[in-house]
Amino acid sequence: MIIELFGPPGSGKRTFAHALARRLRDEGYHAKVALSHRPRQRGSSVDLGIFLAIFRIISAIFSTLKILLSPRGRIKDLSTSLSMIRVMPPEKRIWRARLWQHILKLSRRWDEAKQSREVVIFDQGYVQAIASLAMFNGTADKVALGKALSLAPAADFTLRVVAPRAIVETRLQQRMEHEAPAERIFEADFDTNMRSFGVFQSINDILVESDRKIIPIHTLNDQSSLEGIQCAERKIISKILQAGGGPAAKGSQGHEIPDADHDCNDMKTARTSAASLAAGDIVLSHNKDMGRSLGYASIFALLIYIGGAGLTSLAQLLIARLVGSTSYGIYSYALAWTSVLGYLATLGFNVSLLRFVSAYRANGRLDLAHGVVRFALQRSLAAATLFGMIGAALIYFFSDPSHKELEISQLLGMAAVPLVTASALGAALIRAFGGGVSALLPERIVRDGLLLMLLGVAAFSGSWTLNAPLVMQAVLTSSGITVGLVFIMVTRFQPPGLRQTQPSDASQEWWAAVPPIMLMAGLDVFISRAGVMVLGWTGHIRDAGIFALGLNVALLVSLALVAVGVMFSPAAAALHTRGDRKGLQQLFSRAAILSSAGAIAMAIPLVVIVKPLMNWFGEDFSTGAPIARVLMLGYVFVALCGPQLNLLTMTGNEWAAAAAMIVGAVAGIIGCAAGIELYGPLGAAVGLALALAVWNLAMAIYIRKRLKIMPALIFALTSFRTGAVDGQHQQRYWFLR
């Protein structure tokens, strides 16, 4: 049996087709969707979709050749496709070739479906192909449409998917925003798609006049879609049973044969419990798809982080070997202050932009999205410049003149503060615009790769003094180039029409989020650098360098959590905006499982090889192996808790997250200071690890009480335990039906 759908692009044909196929499969019938294609989204396309576009072109060439070289049905397939193209040839040759190839492939699939005993659903069938020909022809009239439709074989059921023009317009805009740029060469532009409404109305009139039965399906909302699915399901099953087909179990259980001529409008009050279950199935399927996307994207992000960490490790190895432990300590201390001030200067917009822009785009408010982007860039860059100037003045007037190397390194670090801020904001915008994984490339690959290259040139040339100021100059140069690349990527990922939209002002709401998230942004960096900064304050510069190297090795364990957080934050913000707490709980649990597995997988080999690894950096650094092991345990514990900080900030609980981080920062300072007095740098590591545990336990308690979301791993364990029981209940329900 063949089911064919037609309707304007963006009306929901693909979603409806897959939902109908799932519904029929649940009833025991073999059903599948043919010729379904969904454009690749930006968030999962680091190369802007170029490789996927090339793959699609090559795949189309090979599939066409396969049909042409096949001895079965070659003449018939060619005849059908060429006849339709001649009736309404598209104006552009590229579309003429593409639609010819599509109809050729469709003809072959249609013949295969006729020979099959399955229910085959075409969301892009002959009627849809004829509508596409008319759209790209531009001058097609009812006569041409009627002639083309007469050439097409009729399906057993033809479903017209109907959606209001405003909803289709919104869906198409959202599709274009999320679509990989290279995918757009295969899609019609917005105006062409919107002109299709008249074409589909003409096609509907012609089909009705020719006495073909058309079933209208409305996709205004989830409820109307479910009613359409139930209507189509009843008619399909009725025809199968009347023809003597269907699963044998249906007949033996006295399955009621529905009336084939039953009006779909009478379905609104029927099978309420089944409709509710189907709605739950759709939501569950959506959450599973989101979780699966999170998993794939997080793994891809982790690979980039690992690649970036490899470059960072090479850069740190080169720096440590070039300048020695004391100069490395000076560099680490200066860089720690640069990072803290740079992230404080973001005013928290490196986090809140994800929330605001994601929420505004979900609600179709590009004016507010434009407004918050402009607001964040202006205020944050002004704050970064001010912080850098004040810091440089304090260093110049109050530093010890005898420590010239430390003074120059710190001054260069203050010059880099605006660059750190700009890079963080740019990466946040790329993520908010849907380029989650791509946002990692400049910071993790380009910046550290340039740093490595610049230091290598300096080392081989022998023209520069190899010390901490030289390293900070290389950091300044690589950061500047990275910022330029980041904002080039921002312009490419920004939603269509964002820059042309007049920005709206909601500064009161935006300012309200600044204090807590600003505290979090600075404290997040401060907590991880607490050991280095406390050692530097107390004059243990050499120990600060050893501790910093051990910390850099231990931070490899945290890459899994950071990678998961990249994709978790926008998804969590969208779920919270929709009020889907169950979906948020499931997403949070999946994120924790991914981060835990990644952290443990990274920690096990690192614990074994950390001693020889530290020896590679020089004999002075070999004492940092125990420091790295202790810190690894701390970061494994953080990963087990999941992306709690992201969850709090994406759900509007910034002050709670800030309070928890203040507790963590105070615990970090006290723990590091006490540990240094007792055990030196190793004591600082123990103090920092305990501070990380205190901080994350505080967040877990608050999340449980405030958001009613269980700790992620506990929820995952209880879900596994109850999964079998739920499965038995579901099987019993279907049996009773």
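Above this note sits the structure.
Being a predicted model, the structure only gives us computed values, none of them experimental.

## What to know about the packing of helix H22 (residues 581–616) against helix H23 (residues 625–641)
As a packed pair, H22 and H23 sit with axes 8 Å apart at the nearest point and diverge in direction by 170 degrees. The angle between H22 and H23 falls in the class roughly antiparallel. Residues Phe588, Ala592, Ser595, Ser596, Ala599, Ile600, Ala603, Leu606, Val607, Val610, Lys611 and Met614 of H22 pack against Ala625, Ala628, Arg629, Met632, Val636, Ala639, Leu640 and Cys641 of H23. Its residues placed into classes, the contact of H22 with H23 shows 16 nonpolar, two polar and two charged.

## Structural notes on the sheet that holds strand S2 (residues 31–34)
Taken in spatial order, the five strands make up an open sheet running S2-S3-S1-S4-S5, and their pairing is parallel. Here the strands that pair on one side only, and so sit at the sheet edges, are S2 and strand S5 (214–218). Shown here is a sheet whose adjacent strand axes are inclined to one another by a mean of 25 degrees, direction ignored.

## Focus on the nonpolar core
Formed by 125 residues in total, the largest nonpolar core has its most connected members in Tyr328, Phe349, Leu353, Trp510 and Phe547. The element that contributes the greatest number of residues to this core is helix H19 (residues 507–537), accounting for 13 residues. For Trp510, the contacting residues outside a window of four places in its chain are Phe349, Phe356, Tyr360, Leu368, Gly371, Val372, Phe375, Ser504 and Asp505. Counting 35 residues, the second largest nonpolar core, distinct from the first, contains Leu99, Ala113, Val127 and Ile206.

## What about the packing of aromatic side chains?
In the structure shown here, the tally under the stated rule is nine aromatic pairs. For the ring pair Phe375 and Trp511, a centre distance of 5.1 Å and an interplane angle of 80 degrees mean the geometry is edge-to-face. In this pair, Phe375 is assigned in helix H14 (residues 366–398) and Trp511 in helix H19, connecting sequence segments 136 residues apart. On the numbers, 5.2 Å between centres and 85 degrees between planes, the contact of Tyr396 with Phe397 is edge-to-face. For Tyr396, a relative accessible area of 56% puts it in the exposed group.

## Section: a nonpolar patch on the surface
On the surface, Leu386, Ile390, Leu394, Tyr396, Phe397 and Phe398 cluster together to form a nonpolar patch covering roughly 730 Å² of accessible area. Within the fold, Phe398 resides in helix H14.

## Observations concerning the pattern of salt bridges
Summed over the entire model, instances satisfying the criterion amount to six salt bridges. Linking Lys142 and Asp205 is a salt bridge whose minimum nitrogen-to-oxygen distance equals 3.8 Å. Taken together, the residues span a long stretch of sequence, with Lys142 in helix H6 (residues 142–151) and Asp205 in helix H9 (residues 196–209) at a distance of 63 residues.

## What to know about the side chain of Ser327
Relative to the elements of secondary structure, Ser327 occurs in helix H12 (residues 272–344). For Ser327, a relative accessible area of 9% translates into the label buried. Reaching out from Ser327, the side chain makes a polar contact with the side chain of Glu405 at a distance of 2.7 Å.

## Quick notes on the packing of H14 against helix H16 (residues 417–432)
In contact at an axis separation of 8 Å, H14 and H16 are set at 160 degrees when each is read in the N-to-C sense. The angle between H14 and H16 falls in the class roughly antiparallel. Helix-helix and strand crossings are classified by hand; for H14 and H16 the assignment is right-handed. Every residue of H16 that contacts H14 at Val373, Ala376, Leu377, Ser380, Leu381, Ala384, Thr385 and Gly388 is listed here: Val417, Pro418, Thr421, Ala422, Leu425 and Leu429. Each residue belonging to the contact of H14 with H16 can be placed in one class, and the counts come to 10 nonpolar, four polar and no charged.

Cut-offs and rules
- Residues numbered from 1 in each chain as written.
- Predicted model: local features only at pLDDT ≥ 70, side-chain atom pairs only at ≥ 80, totals over all residues.
- Heavy atoms only, no water.
- Axes fitted to C-alpha atoms, helices over the stretch in contact; angles between N-to-C directions.
- Helix = DSSP H or I, 4+ residues; strand = E, 2+ residues; numbered from the N terminus.
- Parallel < 35°, antiparallel > 145°, perpendicular 65-115°, else oblique.
- Contact = heavy atoms within 4.5 Å.
- Nonpolar A, V, L, I, M, F, W, Y, C, P; charged D, E, K, R; others polar.
- Pairing = 2+ DSSP bridges.
- Core = buried A, V, L, I, M, F, W, Y, C linked by side-chain atoms within 4.5 Å.
- Buried < 20%, exposed > 50% of the residue type's maximum accessible area, 1.4 Å probe, protein only.
- Phe/Tyr/Trp six-rings, centres within 6.5 Å; stacked < 30°, edge-to-face > 60°.
- Patch = residues over 30% accessible without salt bridge, like charges linked within 9 Å, V, L, I, M, F, W, Y side chains within 5 Å.
- Areas by Shrake-Rupley, 256 points an atom, 1.4 Å probe, with all protein chains shown as cover.
- Salt bridge = Lys/Arg side-chain N within 4 Å of Asp/Glu carboxyl O.
- Polar contact = N/O pair within 3.5 Å; in protein donor to acceptor, adjacent residues only side chain to side chain.
- Left-handed = near helix turned anticlockwise from the far one by under 90°.

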